[in-house]
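This is what each chain is made of:
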Amino acid sequence: MASAHAIAFSDRVGGLGHYMAAPFGCSRLINLTSEDYNERCSNSTASSDMLAYVYDSFSRRRIADPANLRDTPVFVYAGGDDSIVDPDVGKTAASLYTQLLANVSFFMLPGAEHAFAIDSSCATLCPRCSLPNQKSHVAPLRPCPPHSYASVGARPATIATT
């Protein structure tokens, strides 16, 4: 959603953090009856197809002028072992933003799945983060809040992104 927001409202956005997600226009490329999301949104023509969709959307006045994205800082992150959004989708996103002349940084963390914990004490809240090969990818940024997320029936937004 952040990608869609940044491109659609490029006249009001000053930067983008793109974490483990599909870029703008990816869903428009998929034939849901026969194509896999990850394959279609990371194949050899995906970024140029998405770019065409960006310019078509602008010509129809559905989004702001993509020229606003020139020099906009964009950070694209992909988990190297993401089983939900293939890391190649992140590479496609970086390619799309580069074609839009944004100031793109791409980072893929080897071994990382489709979630991240903010603190090693939070890793048990996210089963994928608590796997032995994932604990090394937990960034100690700040402690978990003291209450139990299970008691309120929700997972914290800082544990996983989509």
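Here we summarise the structure given alongside this text. (Residues numbered from 1 in each chain as written. Predicted model: local features only at pLDDT ≥ 70, side-chain atom pairs only at ≥ 80, totals over all residues. Heavy atoms only, no water.)

Bringing helix α3 (residues 46-59) into the picture now. Its 14 residues place the ends of α3 20 Å apart at the C-alpha level, agreeing with the 20 Å of an ideal helix rising 1.5 Å per residue. Taken together, the buried positions of α3 are occupied by Ala 46, Ser 47, Met 50, Leu 51, Tyr 53, Val 54 and Ser 57. One face of α3 carries all of its buried residues, which in axial projection span an arc of 160°. Next to the buried residues of α3 lie α1 (2-8), α2 (37-40) and α4 (87-99). (Helix = DSSP H or I, 4+ residues; strand = E, 2+ residues; numbered from the N terminus. Expected span 1.5 Å × (residues − 1). Buried < 20%, exposed > 50% of the residue type's maximum accessible area, 1.4 Å probe, protein only. Arc of directions from axis to C-beta. Contact = heavy atoms within 4.5 Å.)

A grouping of Tyr 19, Phe 75 and Phe 107 is seen on the molecular surface, where their side chains present a nonpolar patch of about 250 Å² in accessible area. Relative to the elements of secondary structure, Tyr 19 occurs in strand β1 (residues 16-19). Here Tyr 19 falls in the partly exposed class, since its relative accessible area comes to 35%. (Patch = residues over 30% accessible without salt bridge, like charges linked within 9 Å, V, L, I, M, F, W, Y side chains within 5 Å. Areas by Shrake-Rupley, 256 points an atom, 1.4 Å probe, with all protein chains shown as cover. Salt bridge = Lys/Arg side-chain N within 4 Å of Asp/Glu carboxyl O.)

Across all of its chains, the model carries four aromatic pairs by this definition. Judged by centre distance (5.9 Å) and plane angle (35°), the ring pair of Tyr 19 and Tyr 77 falls under tilted. Taken together, the positions of Tyr 19 in strand β1 and Tyr 77 in strand β2 (residues 73-79) put the pair 58 residues apart, joining distant regions of the chain. These aromatic residues form a ring-pair network of at least three members: Tyr 19, Phe 75, Tyr 77 and Phe 107. (Phe/Tyr/Trp six-rings, centres within 6.5 Å; stacked < 30°, edge-to-face > 60°.)

As a further point, take α4. Its 13 residues place the ends of α4 19 Å apart at the C-alpha level, agreeing with the 18 Å of an ideal helix rising 1.5 Å per residue. Where α4 is concerned, the buried positions are Pro 87, Val 89, Gly 90, Thr 92, Ala 93, Ala 94, Leu 96 and Tyr 97. Residues of α4 that are buried sit in contact with α1, β1, α2, α3, β2 and β3 (103-109). N-capping of α4 is provided by Asp 86, with a side-chain oxygen placed 2.8 Å from the backbone N of Asp 88. Immediately downstream of α4, the backbone of Leu 101 shows phi near 70°, a positive value. (Polar contact = N/O pair within 3.5 Å; in protein donor to acceptor, adjacent residues only side chain to side chain.)

This next bit is on the pattern of salt bridges. What the rule picks out here adds up to four salt bridges. We note a salt bridge from Asp 11 to Arg 12, for which the minimum N-O separation is 3.8 Å. Note that Arg 40 is salt-bridged to Asp 49, the shortest N-O span being 2.9 Å. We classify Asp 49 as partly exposed; its relative accessible area is 26%.

All right, on to the nonpolar core then. By size, the foremost hydrophobic cluster in this structure holds 27 residues, and its most contacted members are Ile 7, Met 50, Val 54, Leu 96, Tyr 97 and Leu 100. Within the residue set of this core, elements represented by two or more residues are α1, α3, β2 and α4. Residues contacting Leu 96, with those up to four places away along its chain left out, are Ile 7, Pro 23, Phe 24, Ser 47, Met 50, Leu 51 and Val 54. (Core = buried A, V, L, I, M, F, W, Y, C linked by side-chain atoms within 4.5 Å.)

Moving on, we come to the state of the cysteines. Here the structure, examined in full by the defined rule, presents one disulfide. Paired by a disulfide, Cys 26 and Cys 41 hold their sulfur atoms 1.7 Å apart. Torsion about the S-S bond of the Cys 26 and Cys 41 cystine: about 105°, corresponding to right-handed handedness. You can see Cys 26 sitting in the loop between β1 and α2 and its partner Cys 41 sitting in the loop between α2 and α3, a full 15 residues away along the chain. Grouping residues by exposure puts Cys 26 and Cys 41 together as buried. (Disulfide = S-S within 2.5 Å.)

An order of β1-β2-β3 is seen for the three strands of this open sheet, with the pairing classed as parallel. Here the strands that pair on one side only, and so sit at the sheet edges, are β1 and β3. Strand-to-strand twist of the sheet, defined as the mean angle between neighbouring strand axes without regard to direction, takes the value 15°. Summarising the sheet, β1 and β2 pair through four bridges and their orientation is parallel. Of the residues in β2, the one forming a bridge with Tyr 19 is Tyr 77. Across the sheet, α4 lies against β1, β2 and β3, angled at about 170° from β3, the strand it touches most. (Pairing = 2+ DSSP bridges. Axes fitted to C-alpha atoms, helices over the stretch in contact; angles between N-to-C directions.)

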